Amino acid sequence: MPLPLVELHLHLEGTLEPDFILERAAANDIELPWTTLEDLLPRYEFTDLQSFLDLLYTNVEVLRSREDFAEMTRRYLRRAAKAGVKHAEVSFDIQAHIRRGVPMDVVVRGIRDALDASVEEFDITTKLIASFWRDRPVEEAIELLTAMLDAGYAIDAVGLDSAEVGYPPSLFVELYEFARSKGLRAVAHAGEEGPANYVRDALDLLHAERIDHGIRSLEDDDLVQRLVRDQVPLTVCPLSNVRLRTVPALSDHPLPRMLALGINVSVHSDDPSYFGGYIDDNFDAVASTFNLSEEDVGRLTLNAVDSSFLDPEAKARLRSQVRLGNTQGSLVED
Ligand code: ADE
Ligand code: ZN
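Overview of the structure. (Residues numbered from 1 in each chain as written. Chains lettered and ligands numbered in written order. Predicted model: local features only at pLDDT ≥ 70, side-chain atom pairs only at ≥ 80, totals over all residues. Heavy atoms only, no water.)

Things to note about the overall build of the protein chain
Link 1 in the chain: Secondary structure assignment for the protein chain yields 17 helices and eight strands.
Link 2 in the chain: For 334 residues, the compact-globule estimate of 2.2 N^0.38 gives 20 Å, and the C-alpha radius of gyration of the protein chain, at 19 Å, lies within 12% of that figure.
Link 3 in the chain: Dimensions along the principal axes, computed over C-alpha positions, put the protein chain at roughly 50 × 40 × 40 Å.
Link 4 in the chain: The buried share of the protein chain, taken over its 334 residues, is 58%.
Link 5 in the chain: Taking all contacts inside the protein chain whose residues are at least 6 apart in sequence as the whole, residues at least 24 apart take part in 76%. (Helix = DSSP H or I, 4+ residues; strand = E, 2+ residues; numbered from the N terminus. Rg over C-alpha atoms; globule rule 2.2 N^0.38 Å. Buried < 20%, exposed > 50% of the residue type's maximum accessible area, 1.4 Å probe, protein only. Contact = heavy atoms within 4.5 Å.)

Concerning the site of ligand 1
Link 1 in the chain: Close to ligand 1 lie His11, Leu49, Phe52, Leu53, Leu56, Asp161, Ser162, His189, Glu192, His213, Asp270 and Asp271, which account for all nearby residues.
Link 2 in the chain: For ligand 1, a nitrogen atom lies 2.6 Å from a polar atom in the side chain of Asp270.
Link 3 in the chain: If ligand 1 stood free it would expose 260 Å²; the protein chains cover 100% of that surface.
Link 4 in the chain: In terms of residues, the shell around ligand 1 owes the most to one element, helix H3 (residues 49-59), which gives four residues.
Link 5 in the chain: For the shell around ligand 1, the residue count by class is four nonpolar, four polar and four charged. (Near = heavy atom within 4 Å. Polar contact = N/O pair within 3.5 Å; in protein donor to acceptor, adjacent residues only side chain to side chain. Areas by Shrake-Rupley, 256 points an atom, 1.4 Å probe, with all protein chains shown as cover. Nonpolar A, V, L, I, M, F, W, Y, C, P; charged D, E, K, R; others polar.)

Side note on H3
Link 1 in the chain: Along H3, the positions that sit buried rather than exposed are Leu49, Phe52, Leu53, Leu55, Leu56, Tyr57 and Asn59.
Link 2 in the chain: In this structure, the buried residues of H3 make contact with helix H1 (18-27), helix H2 (37-40), strand E2 (85-93), helix H5 (95-98), strand E3 (125-133) and helix H14 (272-275).
Link 3 in the chain: The opening residue of H3 is Asp48, an N-cap whose side-chain oxygen sits 3.4 Å from the backbone nitrogen of Gln50.

Details of the packing of aromatic side chains
Link 1 in the chain: In this structure the tally under the stated criterion is seven aromatic pairs.
Link 2 in the chain: Taking 6.2 Å as the distance between ring centres and 50° as the angle between the ring planes, the aromatic pair formed by Tyr44 and Phe46 counts as tilted.
Link 3 in the chain: A relative accessible area of 2% means that Phe46 is categorised as buried.
Link 4 in the chain: With a centroid separation of 5.4 Å and 70° between ring planes, the pair formed by Phe52 and Tyr274 is classed as edge-to-face. (Phe/Tyr/Trp six-rings, centres within 6.5 Å; stacked < 30°, edge-to-face > 60°.)

A few points about the pattern of salt bridges
Side chains that differ in charge, positive against negative, can pair when their charged atoms come close.
Link 1 in the chain: Per the counting criterion, the structure on display carries 23 salt bridges.
Link 2 in the chain: With a closest N to O distance of 2.8 Å, Asp113 and Arg66 form a salt bridge. One end of the pair, Asp113, is in helix H6 (residues 104-116); the other, Arg66, is in helix H4 (residues 66-83), and 47 residues separate them in sequence.
Link 3 in the chain: Judged by relative accessible area, Arg66 falls into the partly exposed class, the value being 40%.
Link 4 in the chain: Salt bridges sharing common partners tie together Glu23, Arg24, Glu67, Asp68, Glu71, Arg74 and Arg75. (Salt bridge = Lys/Arg side-chain N within 4 Å of Asp/Glu carboxyl O.)

Things to note about the coordination of the zinc ion (ligand 2)
Link 1 in the chain: Every protein donor of the zinc ion (ligand 2) is accounted for by His9 (NE2), His11 (NE2), His189 (NE2) and Asp270 (OD), and the metal-donor separations fall at 2.1 Å.
Link 2 in the chain: The coordination sphere of the zinc ion (ligand 2) comprises four donor atoms, whose angles at the metal cover 81 to 169°; the geometry is irregular.
Link 3 in the chain: Of note, the zinc ion (ligand 2) draws all its donor residues from one chain, in the sequence arrangement H-x1-H-x177-H-x80-D. Highlighted residues: His9 in strand E1 (residues 5-11) and His189 in strand E5 (residues 185-190), separated in sequence by 180 residues. Accessibility assignment for this pair places His9 and His189 in one class, buried. (Donors = N, O, S within 2.8 Å, 3.2 Å for Na, K, Ca; no water. Tetrahedral: all angles 85-135°; square planar, octahedral: opposite > 155°, others 65-115°.)

Structural data, given as structure tokens:
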């Protein structure tokens, strides 16, 4: 039995597969700069975060209807179920859709249609994270979050993503205070391309409960000590880091060092259709590259369970499945 997996760092827009992009473009009569797989696939060669974001936010143009958003989400959940995912906390970027005139209702209701059927259809529990672009004004994020909450959508947490360098967490204090006052949980991308200082600020100023990426934390010994002491969750995405060149190669990835230091690190997929793999592929890649022990793989999974926003009973259920999975064979051996 494979280990049950928990996905905590996944952008729904980053799950659009190339064939689905082209199919939706044709169906919705959208003109993209590429019309064939031969045109599109060579664009998946990234030099940095921005070069990827440019492609990501062009391709989302093909999403127009509520059913498009539902189908994107359903396709992700189907693939996640195949990987053994039992719980997924997924994010979406409302600004990528609002700015091209797609109504909020179409986006969020479409995503929710698929999430609300997920336990029954795929045996996956879910949480939804509304992520905001850090290169847009905080006022815009607050306005959009207010509108989403007023509309009554089930949103569990806020996040912060997109271009990192030059857009420090301090710009978003007001958004996170507002989110907290509404009972939402909080995550934030930090320390992906940006400096370790952004991780500290995301903790101190935004009170983020999880840091997405955070790999550059290792450049700051005091911060590392704090991360270990407080068991701050870092949701790391190894294949993403390679493809966006934040690490030169997978063999240079700091994951084994993070594990050895006792950091609460877990492995996730970020934008799987862009970076060459879903969560199972990320696990397989790090397990074989670093010859991880069963104990290490189990630790990564338990860290994800503990770092999720599930209630204590649901966490306990998943934890016992991980222990059972470990005694019956793990991903490493599959
Ligand atoms: N949006 C989607 N993927 C992202 C990443 N890896 N970093 C920042 N923003 C993102
Ligand atoms: Zn991300």
